[in-house]
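Overview (structure and organization)
Read off the chains here:
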Amino acid sequence: MIYLKTDEEIELLRENNLLVSRTLAEVGRRIVPGVTTKELDKIAEDFIRSHGAVPAFLGYEGYPASLCISVNEEVVHGIPSSKRVLREGDIVSVDCGTFMKGFVGDSAYTFAVGEVAQEVRQLMDVTKEALYKGTAQAKAGNRVGDISVAVQEYAESFGYGVVRELEGHGLGRKMHEDPGVPNYGARGRGPLLKEGMVICIEPMITMGGRSVVFERDGWTVRTRDRKPAAHYEFAVAIRKNGPDVLTDFSIIEQELNK
Ligand code: MF3
Ligand code: CO
């Protein structure tokens, strides 16, 4: 069941996703060699609560933290830990969710710890660009497959892998609503996009093969070949004038460029 949102509901979703963006900026500036992923989780939880929201991931299907923090070969759903110390050259995908005023925010960004290898930097840049290519297709009259294929074709043109096991989703009063938004597919296929739909587009792109392994902790997803992966996620509303991105990466990037 796909729930179409009113303009007022879209503004509440925007408030949530802006808070997620600001939380990611707050976390991003603390991503330096020596910090633990647990410390980053605490910063996010405090920031979210001090802004009148609650962390949407905490307790979701038993998930034990406010952020998912996935390092290098971890693709998504890495659990923050006081034992996980970030090192120069790591890449860190941080996924964050909020809940306030009856709606959910959900976005992700991949950060570099200090200087990273040029080929790893390219993986990050291409994954973010794949998200932008997909977002440009998020308009009424298109189908979900138009988004999927835009992400897939761009990422694969660099020889990268597109993870198949996880996908984007509708966003609203619940974190995961219909439709599913895969990162691979075919033009003109899948559910029709309509004005008032809000979806999360979230490419998970690997430097090597696309197969992943689900770790025994019940959450962490990593690449089978242990090559690095990147993950960026936008919440996007489909409006009369085209895609309306509810997430704001410029808040994060301004902080990183300080
Ligand atoms: N952002 C993730 C997604 O889009 C959700 C995190 S999983 C959780 O599916 F269980 F930690 F919430
Ligand atoms: Co999501």
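Heads up: the structure comes first, above all this text.
Residues numbered from 1 in each chain as written. Chains lettered and ligands numbered in written order. Predicted model: local features only at pLDDT ≥ 70, side-chain atom pairs only at ≥ 80, totals over all residues. Heavy atoms only, no water.

**Some words on the nonpolar core**
Core analysis: the largest hydrophobic core is formed by 54 residues, its most contacted members being Leu24, Val27, Ile31, Leu40, Leu86, Val94 and Ile201. The biggest single contributor to this core is helix α3 (residues 118-136), with six residues. Those residues in contact with Val94, other than ones at most four positions away along the chain, are Leu24, Val27, Ile31, Leu67, Cys68, Ser107, Ala108, Tyr109 and Phe111. Among the nonpolar cores identified, the runner-up in size contains 16 residues, and Phe57, Tyr63, Cys68 and Ala235 belong to it. (Core = buried A, V, L, I, M, F, W, Y, C linked by side-chain atoms within 4.5 Å. Buried < 20%, exposed > 50% of the residue type's maximum accessible area, 1.4 Å probe, protein only. Helix = DSSP H or I, 4+ residues; strand = E, 2+ residues; numbered from the N terminus. Contact = heavy atoms within 4.5 Å.)

**A closer look at the sheet that holds strand β12 (residues 221-223)**
What the three strands build is an open sheet, ordered β3-β12-β11; its pairing is antiparallel. Sheet topology places β3 (74-76) and β11 (212-214) at the edges, where each strand pairs with a single neighbour. Averaged over neighbouring strand pairs, the angle between their axes works out to 40° when direction is ignored. Of the pairings in the sheet, the one linking β3 to β12 comprises two bridges and is antiparallel in character. In the sheet register, Glu74 faces β12, and the bridge partner there is Arg222. (Pairing = 2+ DSSP bridges. Axes fitted to C-alpha atoms, helices over the stretch in contact; angles between N-to-C directions.)

**Let's talk about the site of ligand 1**
In the neighbourhood of ligand 1, 13 residues make up the surrounding shell, with Asp95, Asp106, His169, His176 and Glu202 lying closest. Asp106 has a polar side-chain atom sitting 2.9 Å from a nitrogen atom of ligand 1. (Near = heavy atom within 4 Å. Polar contact = N/O pair within 3.5 Å; in protein donor to acceptor, adjacent residues only side chain to side chain.)

**Here's the deal with the environment of Val151**
Within the secondary structure, Val151 is located in helix α4 (residues 144-156). Accessibility expressed as a relative area gives 0% for Val151, which makes it buried. For Val151 and Tyr3, which are 148 residues apart along the polypeptide, the C-alpha to C-alpha distance reads 24 Å. Dropping the residues within four chain positions of it, Val151 is found in contact with Ala130, Gly134, Asn183, Ile201 and Pro203.

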